[in-house]
Amino acid sequence: MISTTGSIQYSVNVEQKVEGSSSPKTLAEEKFIVQGPLVNHDLLSSVAGTAEKYVLLHGGRVAMHAICVRKGHAQGEPITVHLKIDNDSSALVEPKLVLHQVQVFSCCRTNRHKSVETRLEPVVTGKQVAAHSLGVEEVLSLTVPTDENLTIKTPQISVKYFVEIELAIPHSPDLRLNLPIVITSKEFLQAAKEKGTSCGSSQIQ
């Protein structure tokens, strides 16, 4: 954050303890910006996806369409997902919602990277959809943890998130959709809303 009265900066330091020395030796320092989404992302845009499969055991097609109304969310805010499910099979299916975090650690010198994916609790479960039910709509919501890290991206470390929508099908691989989201600050979201409002007003004029 940078303002006329001061600034806040973040950096990652790599240090090595030298035997016989009272202080560690700094090998590298990498400064990074905690997600500046007004430049890189349209936080207020929606994200959506569709998936379908033919279930052999239950003799029919299962399809799911999901849309997250807003890509950007702040800590402690609900993530709302609208679902539309076509269950043209003989099975009873059940939608579930869960937030995933992916941490990516990269080494620029060797072009190697390591990803760590964490499935965050809780899992939100929706209503079961009966066999041969078409056009069933439901709204599911989960809350971003108040102490969760913000989305960040640097050459060395990245933290990103996605909402996984799972349609559980008995005795068959589940149907899955992933919708990427950005976790940012309330101030950025408010600024995006104000920017969108002012752009809309100028277009009307």
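Residues numbered from 1 in each chain as written. Predicted model: local features only at pLDDT ≥ 70, side-chain atom pairs only at ≥ 80, totals over all residues. Heavy atoms only, no water.

Counting secondary structure elements, the protein contains two helices and 14 strands. Within the protein, residue pairs in contact and separated by at least 24 positions form 64% of the contacts whose partners lie at least 6 positions apart. Accessible surface computed for the protein: about 12600 Å², of which carbon and sulfur atoms make up 52%. (Helix = DSSP H or I, 4+ residues; strand = E, 2+ residues; numbered from the N terminus. Contact = heavy atoms within 4.5 Å. Areas by Shrake-Rupley, 256 points an atom, 1.4 Å probe, with all protein chains shown as cover.)

Attention shifts here to the nonpolar core. One finds Met64, Ile79, Val81, Leu97, Leu99, Val163 and Ile165 to be the most contacted residues of the largest nonpolar core, which totals 33 residues. Elements that contribute at least two residues to this core include exactly β5 (47-55), β6 (60-68), β8 (78-88), β9 (94-107), β10 (112-125), β11 (133-143), β13 (157-168) and β14 (175-184). Residues in contact with Val81, not counting those within four places in the same chain, are Ala66, Ile67, Leu97, Glu138, Val139, Leu140, Val163 and Ile165. (Core = buried A, V, L, I, M, F, W, Y, C linked by side-chain atoms within 4.5 Å. Buried < 20%, exposed > 50% of the residue type's maximum accessible area, 1.4 Å probe, protein only.)

This next bit is on the sheet that holds β11. Here we have four strands laid out as an open sheet, ordered β5-β6-β8-β11, and antiparallel in their pairing. Of all the strands in the sheet, just β5 and β11 have a single pairing partner and so form its edges. Going across the sheet, the axis of each strand differs from the next one's by a mean of 15°, ignoring polarity. Note that β6 and β8 share eight bridges and pair antiparallel. Bridge assignment links Ala66 to a residue of β8, and that residue is Leu83. (Pairing = 2+ DSSP bridges. Axes fitted to C-alpha atoms, helices over the stretch in contact; angles between N-to-C directions.)

Here we take up the side chain of Gln101. Following the sequence through the fold, Gln101 ends up in strand β9. Judged by relative accessible area, Gln101 falls into the buried class, the value being 4%. Reaching out from Gln101, the side chain makes a polar contact with the side chain of Glu148 at a distance of 2.9 Å. Among the polar contacts made by the side chain of Gln101, one reaches the side chain of Tyr161 at a distance of 3.0 Å. (Polar contact = N/O pair within 3.5 Å; in protein donor to acceptor, adjacent residues only side chain to side chain.)

Turning to the pattern of salt bridges, a few remarks are in order. Counted under the stated rule, the structure contains five salt bridges. Its salt-bridge partner being Arg61, residue Glu52 comes within 3.6 Å of it at the nearest N-O pair. By relative accessible area, Arg61 is classed as partly exposed at 32%. Of the charged contacts in the structure, one is a salt bridge between Glu166 and Arg176, with a shortest N-O distance of 3.3 Å. In this pair, Glu166 sits in strand β13 while Arg176 sits in strand β14, placing the two residues 10 residues apart along the sequence. Given a relative accessible area of 42%, Arg176 falls into the partly exposed group. Three or more residues joined by partner-sharing salt bridges are found here, namely Arg119, Glu164, Glu166 and Arg176. (Salt bridge = Lys/Arg side-chain N within 4 Å of Asp/Glu carboxyl O.)

To continue, consider the confidence of the model for the protein. Of all residues in the protein, 81% have pLDDT values of 70 or greater, and the mean over the chain is 84. Confidence drops under a pLDDT of 50 for residues 1-5, and excluding neighbours within four residues, the segment shows four contacts in the predicted structure. Low pLDDT (under 50) marks residues 201-205, which in the prediction has zero contacts with non-local residues, meaning those over four places away or in another chain. (pLDDT = per-residue confidence, 0-100.)

Here the focus is unusual backbone geometry. The peptide bond linking Glu121 to Pro122 adopts the cis configuration, its omega dihedral lying at 0°. With respect to the secondary-structure elements, Pro122 resides in strand β10. In this model, His171 sits at a positive phi of 60°, which is unusual for a non-glycine residue. Turning to its location among the elements, His171 is positioned in the loop between β13 and β14. The class for His171 is exposed, based on a relative accessible area of 71%.

Once that is clear, we can look at the environment of Leu167. In this structure, Leu167 sits in strand β13. Judged by its relative accessible area of 0%, Leu167 is buried. Distance from Leu167 to Gln128, taken between C-alpha atoms, is 9.6 Å for residues 39 residues apart in sequence. Discounting chain neighbours no more than four positions away, the residues touching Leu167 are Val62, Met64, Ile85, Val93, Glu94, Pro95, Asp174 and Leu175.

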